[in-house]
Structures are given as structure tokens and as C-alpha cells.
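Here is what each chain is made of, one letter per residue.
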Amino acid sequence: MLLEAKPEDLSAVTKVLSAASVLCQVEPVGRWFEAFIKRRNRSVSASFQELEDEKESSDESEDEEFQLEEFARLKTLDPKDWKNQDHYAVLGLKNLRYKATQKQIKAAHKAMVLKHHPDKRKAAGEQIVEGDNDYFTCITKANEILSDPVKRRAFNSIDPTFENSTPSKNEGRDNFFEVFTPVFDRNSRWSNKKTVPKLGNMNTSIEDVDAFYSFWYNFDSWREFSYLDEEEKEKAECRDERRWIEKQNRAARAQRKKEEMNRIRTLVDNAYSSDPRIKKFKEEEKARKEAEKKAKADAKRKEQEDKERQRQAELEAVRLAKEKEDEEARQQALLAKKEKEIQKKAIKKERQRLRTSCKNWNYFSDNEAESVKMMEEIEKLCDRLELASLQSLNETLSASAKEDGKVAVEKQISEVNAQLKKEKAEEEARMRQSTKGAEQSAAGSGGSKSWSEEDLQLLIKAVNLFPAGTNARWEVIANYMNLHSGSGIKRNAKDVINKAKSLQKLDPQQKDDINKKAFDKFKKEHKVVPQSVDNAVPSERFDGVDSLPWTTEEQKLLEQALKTYPVNTPERWEKIAAAVPGRSKKDCMKRYKELVEMVKAKKAAQEQVMNATKAKK
Amino acid sequence: MAAIGVHLGCTCACSAVYKDGRADVVANDAGDRVTPAVVGFLEKEVIVGLAAKQSRVRNATNTIVKVKQILGRSPNDTQAKKHIAESKCTVVEKAGKLRYEIDTGDTLKFVSPEDVAKLIFSKMKETAQSALGSDVNDVVITVPFDFGENQKKALGEAAASAGFNILRMIHEPSAALLAYGIGQDSPAGKSNVLVYKLGGTSLSVTMIEVNSGIYRVLATKTYDNIGGVCFTEALAQHLASEFQRSYKQDIRGNARAMMKLMNSADLAKHSLSTLGSSNCFVDSLYDGIDFDCAVSRARFELICSSLFTQCIHPINSLLEEVGFLPTDVNQVVLCGGSARIPKLQQLIKDLFPEVELLTSIPPDEVIPIGAAIQAGILLGKDNLSTDLDSITIECSAINIYVKEIGESGAETFTLLLPSGTPLPARRQHSLQAPGNFSSVCLDLYESVSGKSNGSDPCKFAQIVLKDLEKKASGVHDITAVLTMKRDGSLHITCTDEDSGKSEMITVEDAS
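Here the structure is a predicted model, which is why all the values come from computation and not from measurement.

## Let's talk about the overall build of chain A
Counting secondary structure elements, chain A contains 22 helices and 3 strands. Out of the 617 residues belonging to chain A, those deemed buried represent 16%.

See the structure below:
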């Protein structure tokens, strides 16, 4: 039992609750858990089950009212004209329409059947129209359509109470939101997606507005127009007819669907073009862009100015520095000039002094010719000597007697002459160097490729091998060189021509030089081989002195001697050696052995060739 | 449509099917409703179930028992180590994973615990499908409360490789509650249920709060060192000493004889749960001697008296942990095969004298039946979120009372919205006030949820309904509707049914 309230008590909250909700871990089992999770995922607040029950009961009570209202018209309905009837109204769900749940439809149908079934009415004493013409057929038909999700959707799509009109641009000009909001709300029921963005108001952010329009421009509608099909597929008698009907229907549906899409499109277009927010956003965007552009231009200009100023400053600095430098150089030049002049004067004076002093002493000679020569020498001295040395010379001259002066002067002269000679030699060397350099540079653009001795030899050989007039001579020469050269450098015709020309240009001395060098080289190469042989065969007797090669003269003499003194001659080799002047007995014996060896080798080779030819035969 | 619930225990596995609104345990091909979770590897074939258990006497090294203990555990795990030490079948470590070493003649095989579990699951699937006569793969699997992520994963993989489509894994205690349909009929109300599970090798006690049909585990305790096997062992030891007394032979060192004796003791233990005495008979137990010994239930209880105390003690410590008195527990659910022991049931009954002991379903079938019921609930539901293992929901943190006058004239508090109610919640209560009052006052009190009935309620609001018509006889019917949102804010509406007068208040939460 509850308590009684005191007169002064009022409903009130005296303090807030001491604890909020807590998170608990629960076991994922049982049907109530499933219901809870389902509810939570759907984010339905309060106890879903209970609320639904309540709603249902209230719906049913409302249904009763409609049906009472509907009675009069219901009985006048023609079952044959079912297509043009409002099935929701027939079942008394006029106000719920597409929002009615399957449960409600079922309940409504049940209620209608209870009231209007022919048997019931017959029992009540009413006159019944026989067969399908009774209005009860309409109720059956309505239930048939509304309880089938597909058919119901088709009927919902062409809901006669739906207003298809779309406001024009002008209508929405002044009070955009009042005109368009209900239209979009109305059309959002066709969306396949459950959450449809709202048009919003003037303060909606640009992102939301964009999302709204992109949603509506890509509107995904479930509306379809199969309900309006002219022909019924089921009526067809044969397959062909059915196909034809199907085709017709498909075309008609597509046409209607297109119209519907166009309608939505027009609606969205109209809304978009007259949306004050879009206008506002566009203007803002434009203003922003302009401001940006201006800022950019400003920045650019400023940058340019800065650059210009900097450049000016730099130029100025450079100019100043240059001026300063010039000034300094001029000063220096002036100074140097002055000094030079002073020196020149001093030198002139000294020279004069030397000349006079020498003149005074009659050029240290009595002889005319000698004095002339001395004069020349003195002049040379004057030309050559530096100021300081001239001064010192003059000092010595003035301080000493004639003989001493002569010695000093002569010493100076000899020094000067030596220097002159040296200079001359140097000059010559430089000259040679320069000509050589010029030559080398003339040796060609291809001169970068160095020409070794072997290559030069090879070139000369090649030039001789392919005389002037050979077809594409220089290419051939170049190829030959490339083939035979050991240096591995690839040369082309041009290189070869250049080198050949430079070789032709060479003075004979240089040519000699080359030849000598070539000979040295040859000698060196040819020396190396026997040496190596000697080294390899140390058992052979070897006298420190290498014998000179045998000349043809000596050879002839030797051969003669060998013939004159046959083998059995006593002391044969002594005699042979005597017959060959300049050759010892040992030399002769050695030569003889060599010759024998050579002859033997020759014979063996010949035999081999003979054998080979014989074998071939 | 049908679905299966499977419980894989350490010693036994059991499957139940949900069909035509009913969940039933199905018997296997041997006619047993429970299949031993034993896998034996023979030279040419692999046997699962009773046959494997019986052939274990001769094939101990190639027979795997208690695979659940090692499933999904790392080699360093203490329980895995214990299992390895006890297992007759060699367990080796391969690449950080545990493998059974099976030596069947020519080649040495390494079998993973998952594969063993898979074999058992396949057997259970076969059993269920032969009972249903159709190919059913949807299954709910139960796992112990202390199973970690890895173990769940390993178990799931094993079940998946056996061809099961796992709808969900649920905890064993919750499955037990579901089997009895606790809180399932009407979502209102709150109760505390103790789940007592004495399995083959482990004992677990769990306190679950049922509120609005949703289960919430308050506390749970698992003891791995006590289970049904302990009773069998104790009995076998007793039988061995009996054998020694009569034949002067000690068979305790003979593994094979002990295993025979264990099998016999197991059977005797089972029959002692229903009969007053049982005969234990083993042919040629040792040295060709047949052994025959009668054991009475009283003898068995005497042998196991210390075990019983061990089994009962965890209940007390659990109550202590959650701060409940035995009277705060509304129901006790028994599960696990060893919970059949009459003495144990008697001891629990003594502990909770006023509490209903739920034993109508055979204790070893409770969990699979619960799983099958859950499978039935989930069946045909699309978008099943599988990661519901640890879901948290908002619950109210406070008890909300209204103060009333009892018949004796003393003030009493009537609970309108208990703490722990999943939010959002809506509760409707019909209250009554004496007809001779012209005004009614509802004093609303709150108290923070706590141990037992917690702290004293303190008043936070009052609702006054005035100018009611006085009635000479009868009472005023007042309907109070409490709605609490997920953030914990409370909305209360009171309506007088006769006049339709109503008052409402909204209370924000503390934050």
C-alpha cells in the first residue's frame, strides 16, 4: 500500500541518482540476449517488444473506425475493375497505406472477412450477388495484392494518393524550403536506401548539402510500374503470345521508369538551381577564388620587386668594387711608370758613365781594332747589365786603375757573353720544343691515340704495301693496321692519313732517328732471344765475349778455307782460322757447327715436305 | 531445420540436437548417450569412444585421453605440463607445439591435439546426423569459462575441420542455465543461480546473475585437481587393498591390473549412484586370480568422505567472494557426470536448504542440451556476429525502490528496478493505495548495488498524485512506468488508473 501525500507535497526530484549505468560483461546466450542485441543494433529505444504490442492494439482500434466509414462505398465496388481500386481503402488501411505492417494487413483482412463474408451476410439475410461479382472479391483481391511483398510493392509504386508533381523553379524562388522540403520527404519513400538525407535549412553545412544533392542525383528507387501493365501475362494462350506480352510490358515499364527517373531528375535539378544555399556557396566560392587569385598576384608582384631590388643592389656593389680596383690599378701603374723612368734615367746615366770611363781608358787597348771590338763589347754590356751591376761595375772602374778596370770589364763581358750563349741555347731549345709541339698537335685530331714505334713501323710497311692508287687506300691501310697492330688501338682512315702526312713532313734527321730507333729496337729484340736461349741452356759453353756476326766476306773466306783444308788435314782449324782474318780458330769451329746444323735442318725440312707430297700422292 | 549442440569434456563428449522446438541428447552407435572422449590409434585404424576406452588396457601408449587439457595450450603451460606428466601417450614438442607421439608398428606418427579433438568432433557429428537422418552442420560448442583465446581458437579449428559450422561458442555454465530455461520465460525479474559442475577431471563453481533474461557471470572458480576420476581412483585403491587383504598380492605396481581395476571401479561408481550396493568383478585381475568384491554405497561414501569435503568447500569460498549468503542464491544447477553422486547432492542440499536443486536433466547432459537450445535460437538468424564471446552492455548500477506500508504498518521498500538490468529498460509496476486517500505519494529511493542488499536506501525523488476520488471501498490502482536509458537517466510516469491523472519526473544520472 502506498503512502498518503501530505498537502504541501509536490512531485519533485530532490537529488540526482548516485550512479550512472555500468558496463557489464554478459553471456551471449538465450533468446532475450538475442532480442537485446537485435534491439541494440537497430537502436530502438525502450522495450521494443512491449511498444510494438501497444502500437498494434491501437492500430486495430483505428481500423475499426475506417471500416465503418468505408462501408457505403465498399459495396458499390465492381470486382472487375479491381485494378483501379485503392486496395488499402478496401481493407480500411487508408491512413496507414505503405506504412502498414504485414501483421496489420492480416488483421485488417481478418476483420473484413468476418464482417463481409457472403456466408455471414447470407445469415444476416442480405441479398448476395452470385459468383465473382460480389464485392467481397474486392476484399480478397486487396488482400492478395497487399500480402504479397512483390505485388504490394507494385501497387505502392503507383499509389493513387501519391502526388507526382514537382515544383518548378519559380515556385521555389522565394520560399525554397517550404516548397521543396515536403516534396523531397514525399519522394524519399521510393529510396532503396533506408536513410535519406534531409533537405535541411539555410544553416546546413556545404558538405551536407553536397551529400544531399549527390544522393538525389544518384537516387536509387524501387518504384516500378508492373501494376500498370496493359496485358496480363497469365491470360496468354500460348508461349509466343506470352512472350509478346512480356515484351510489351517490359517496354511500357521501362518507359515509365524512365519517366519516373526524369521526374526525380527534374525535381532535383529544379531544387538545385533554385537552392539559395547553393547560390550562396557558389558566390562564396567565387569570392574566395578571386581573393586567392588576388593574393597570388600580389605575392608574385612583390616577389618580382624584391628580386629587382636585389639585382640593383648587386650591380651597384659590383660597379663600386670595379671602380675601386681600377683606381688602384691606375695608381700602381703610375707608380710603376715613375719608378721605371727613374730606373731608366739611372741606367742611362750609368751607361754613359761606363762608356765615358771606358773611353777614358781608351777601351783598355791601344790597338784600334781591339778597341772597336771592346767598344762593341762595352755596348753589349751596357745593354745587358742591370742597374745594380752597372753601378757596381762603374764603382769598381772609378775606384781602380786601368788594368784592374780592364779585368773587371772583361770578366763582366765574359759573363754577359756566357749568359747570352746560354740564352741563345735556351731559345733554340724552346724553338725546337715549340715546333715539336706544333708537330704533335698537327699529328692530328686523332693524335690523342698515341703512335707507338711498332705502329709507326707497321704504318710505313702498310703504306709501302698499298701504294698510291689502291682502291680506298687509307681505309685498307687502317684495316690492315687494326688487324696487325699489337697495341689494340682502333684507328680509322683519317688517323692514318694524318699520321702518314706528318711522317712525310718529318725532316730527314728525324726520319733517321726513327730508323735508328727501329734498328735499335730490332737489335734489342733479336738480342733478347738468343740471350734467353743461352740462359735456358747454361750447359753450353759460353764465352763472355759475344762474337760478331759473320759477314758475307768472311763467310766466303771460311767456305773457301773449309774446301782447301779437307777434314784429315792436321791442325785444320788453325789453318782455317788463319785463312779467315779477324776470326779465331774457335770462332771458325763454331761457325762451321752452325752451318752444319743449318744444312741439316734444311735437309730435314725438305725431306718432310717431300714425304708429305709423297703421302699425298 | 535442426542444429546441434556439442559439449567436449575432458573425459566425455556429448551431443544434443535441437529439432521441432525440443533439444534432446542423441545416443551414439553403441547406444550410449555420452561418448568417452578417448581416441585410440591402432595399426590400421583409429577408434573413438567406448571401444578406444576399453582397448586402452592393451594399447595405453597409443590411446589419447583428456585431450581437452592440452588443446591450444603452449608447452610451458602448467596444465599442459601436468597433462604431459600424466599421459601414458608420449607428448613431444615440435616447433613450439605439442604433439602426441603415436607408434603403430612401422612408422612414428605425430598427432596434434587439434586432430584428436577433430576426430572426437567427427564422431559427435556422425552421431547427431544419424539421429537426425540429415546432414546438419550448424553447431554451438561449449567451452569452460577459463578457456583462453588460444584454446577457443584451437577448439574452433578442430570443430571446423570436422565439418562443423560454428554458430557460437558459449560458456558451459550459461549452457547449463539455458538447459533449464532459467529466465527465459519472462524477461522481468532478477535471480542468482549457482552452477555446480563436477566433471571428470575438474570442478567448477559459477555464480550467475539472471536479469531480464540475460545472464551475467558474477564469479567463477575452477579446480583442476578434483574430479570424478578422483572418486574412481579412491575406489580402485580400496579395491586393490581388498585384493591384497584376500590374496596377499600387491597389484598397485602393475599398471595393467590397475587399469583393469579402474575400469571396474568406474562401472561400480556409476551403479552406486542409483543402487545401494554394487559388485565389482574383474576376471584374471592379477596372476590369473579373478577378483570379486561387493561395495556398498555407504562404504563408497566413507572412502570418499575427504573428497566430498573438497568438493563442497569451493561453494563456500565462491559465496564468500561474491558476498552472498546461501539464502541469496535462488537456484542451483548441477552438471557434470559426477554430480549424480547422491551424497554430493545431499551435501549441496544441506548447504542451500531453501533452494531448488535442479537435477531433472541428467547432469552430464545439461550442457549439451543448453548448447542445442542456443543453437536452435541462433538457427536461421542471418548476420550472426561471431565475436560475441565477451560482449559488454550497459546495466543499471542502482536499485530503485518505492516506500510502502506493509500490512503490519511497518515501512517496506518495494523494488521497482533492480541493479544490473540491461539498459535501456522499461518496467511497469501496478501499485496500490488505500481507496480512502485523496492523494498518493510515491517516495522513490535508491541504493547502490552491492553485496546482498547493500547500503540503506536513500530518497532521491517523490511523485505526488493529487485530487483522487475517494472510494469507500477498494483501492486506487497506480501504474508506475520506469524507463532507464543507456546513459542511466531515469524517467518515471505514474498514472492513476481510475481518473487517468498522471505525473512524471525525469532524473539525470550523477555524471
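## A closer look at the overall build of chain B
Along chain B, the regular secondary structure elements total 11 helices and 28 strands. Per-residue burial for chain B yields a buried fraction of 46% across its 511 residues. The contacts of chain B with a sequence gap of at least 6 include a subset with a gap of at least 24, amounting to 66%.

## Brief notes about the sheet that holds strand E28 (residues 502-507) of chain B
All names here are of chain B. The strand order across the open sheet formed by 4 strands is E23-E26-E27-E28, and the pairing between neighbours is antiparallel. Edge positions in the sheet fall to strand E23 (425-434) and E28, since each of these pairs with one other strand and no more. For this sheet, the mean inter-axis angle between neighbouring strands, taken without regard to orientation, is 15°.

## So, the environment of Ser305 of chain B
On the secondary structure map, Ser305 of chain B appears in helix H9 (residues 305-322). Linking Ser305 of chain B and Phe231 of chain B, residues 74 residues apart in sequence, is a C-alpha distance of 9.9 Å.

## Some thoughts on the interface of chain B and chain A
Counting from both sides, the interface comprises 67 residues of chain B and, opposite them, 36 residues of chain A. A per-class count over the side of chain B that touches chain A returns 35 nonpolar, 16 polar and 16 charged. For strand E3 (residues 22-26) of chain A and strand E20 (residues 391-395) of chain B, the ladder comprises 5 bridges, and the chain directions are antiparallel. Looking at E20 of chain B, one finds that Val26 of chain A is bridged to Ile391 of chain B.

## Some points on the nonpolar core
Of all hydrophobic cores here, the largest spans 158 residues; its most connected members are Ile120, Leu177, Tyr196, Val333 and Ala372 of chain B. Among the elements that take part in this core, helix H11 (residues 363-378) of chain B stands out by supplying 9 residues, more than any other. Residues in contact with Tyr196 of chain B, not counting those within four places in the same chain, are Val205, Ile315, Val332, Val333, Leu334, Ala339 and Ile348 of chain B. Counting 18 residues, the second largest nonpolar core, distinct from the first, contains Leu93, Ala108, Ile139 and Leu146 of chain A.

## Describing the confidence of the model for chain A
Residues and elements named next belong to chain A. Looking at chain A as a whole, its pLDDT mean stands at 78, while 85% of the residues score no less than 70. Within chain A, helix H12 (residues 276-360) carries the highest mean pLDDT (91), whereas helix H2 (residues 48-76) carries the lowest (50). Across residues 529-538, confidence stays below pLDDT 50; counting only partners more than four residues off in sequence or on other chains, it has 2 contacts.

## Considerations on helix H17 (residues 473-484) of chain A
Residue and element names in this part refer to chain A. An ideal rise of 1.5 Å per residue puts 16 Å on 12 residues; H17 measures up with 16 Å between its terminal C-alpha atoms. Within H17, the full set of buried residues consists of Ile477, Ala478 and Met481. All buried residues of H17 fall inside an arc of 100° around its axis, so they share one side.

## A closer look at the confidence of the model for chain B
Here chain B averages 86 in pLDDT, while 96% of its residues score no lower than 70. Predicted complex metrics record ipTM = 0.82 and pTM = 0.52.

## Digging into the sheet that holds strand E5 (residues 38-41) of chain B
All names here are of chain B. Strand order across the open sheet formed by 3 strands is E6-E5-E7, with antiparallel pairing between neighbours. Taken across any chain shown, the strands that pair with only one partner, and hence form the sheet edges, are strand E6 (46-48) and strand E7 (63-65). Between one strand axis and the next, the sheet turns through 15° on average, direction left out of account. Pairing analysis gives 3 bridges linking E5 to E7, with the strands arranged antiparallel. Residue pairing in the sheet places Gly40 in a bridge with Thr63 of E7.

## Topic: the environment of Asp185 of chain A
Residue and element names in this part refer to chain A. Following the sequence through the fold, Asp185 ends up in helix H9 (residues 176-187). By the C-beta count within 10 Å, which is 12 here, Asp185 ends up exposed. For the pair Asp185 and Val196, spaced 11 residues apart in sequence, the C-alpha separation works out to 8.8 Å.

## Looking at helix H14 (residues 387-399) of chain A
Helical geometry note: an α-helix holds 3.6 residues per turn, so side chains three or four residues apart project in the same direction. Residue and element names in this part refer to chain A. Helix length check: H14 (13 residues) gives 18 Å between terminal C-alpha atoms against 18 Å at 1.5 Å per residue, within 8%. Turning to H14, its buried residues are Leu390, Leu393, Asn394 and Leu397. Considered in projection along H14, the buried side chains sweep an arc of 100° and stay on one side of the axis. Facing away from the buried side of H14 by over 90 degrees, the exposed positions are Ala388, Glu395 and Ala399.

## Here we look at the packing of helix H16 (residues 453-465) of chain A against H17 of chain A
Residues and elements named next belong to chain A. Where H16 meets H17, the axes come as close as 10 Å, and the angle between the chain directions of the two elements is 140°. Here H16 lies oblique to H17, going by the angle between them. The crossing of H16 and H17 is right-handed. On H17, the residues that touch Asp455, Leu458, Leu459, Ala462 and Val463 of H16 are Ile477, Tyr480, Met481 and His484. Here the contact of H16 with H17 is built from residues that sort into 7 nonpolar, 1 polar and 1 charged.

## A few points about the environment of Cys311 of chain B
All names here are of chain B. Position of Cys311 relative to the elements: it lies in helix H9. Measuring from C-alpha to C-alpha, the distance between Cys311 and Leu198 comes to 8.2 Å, with 113 residues separating the pair along the chain. Setting aside its immediate chain neighbours within four residues, Cys311 contacts Leu198, Leu203, Ile226 and Leu344.

## Here we look at the packing of H12 of chain A against H14 of chain A
Residue and element names in this part refer to chain A. Two numbers describe how H12 lies on H14: the axes approach to 9 Å, and their chain directions differ by 30°. Relative to H14, the element H12 lies roughly parallel. The chirality of how H12 crosses H14 is left-handed. Judged by residue contacts, Gln343, Ala346, Ile347, Glu350, Arg351, Arg353, Leu354 and Ser357 of H12 engage Leu387, Leu390, Gln391, Leu393, Asn394, Leu397 and Ser398 from H14. The residue inventory of the contact of H12 with H14, partitioned by class, reads 7 nonpolar, 5 polar and 3 charged.

## Some remarks on unusual backbone geometry
Residue and element names in this part refer to chain B. Residue Pro424 follows Leu423 across a cis peptide bond; omega there is 0°. Note that Pro424 resides in the loop between strand E22 (411-417) and E23. Of note, the phi angle at Asp20 is positive, near 50°, even though the residue is not glycine. With 9 C-beta atoms counted inside 10 Å, the residue Asp20 sits in the exposed group. The phi dihedral of Asp287 falls on the positive side, at around 55°, and the residue is not glycine. With respect to the helices, strands and loops of the structure, Asp287 is situated in the loop between strand E16 (277-286) and strand E17 (289-296). Classification of Asp287 by C-beta neighbours within 10 Å gives exposed; the count is 10.

Rules and cut-offs
- Residues numbered from 1 in each chain as written.
- Chains lettered and ligands numbered in written order.
- Predicted model: local features only at pLDDT ≥ 70, side-chain atom pairs only at ≥ 80, totals over all residues.
- Helix = DSSP H or I, 4+ residues; strand = E, 2+ residues; numbered from the N terminus.
- Buried ≥ 20, exposed ≤ 12 C-beta atoms within 10 Å, placed from the backbone.
- Contact = placed C-beta atoms within 7 Å.
- Pairing = 2+ DSSP bridges.
- Axes fitted to C-alpha atoms, helices over the stretch in contact; angles between N-to-C directions.
- Nonpolar A, V, L, I, M, F, W, Y, C, P; charged D, E, K, R; others polar.
- Core = buried A, V, L, I, M, F, W, Y, C linked by C-beta atoms within 7 Å.
- pLDDT = per-residue confidence, 0-100.
- Expected span 1.5 Å × (residues − 1).
- Arc of directions from axis to C-beta.
- Parallel < 35°, antiparallel > 145°, perpendicular 65-115°, else oblique.
- Left-handed = near helix turned anticlockwise from the far one by under 90°.

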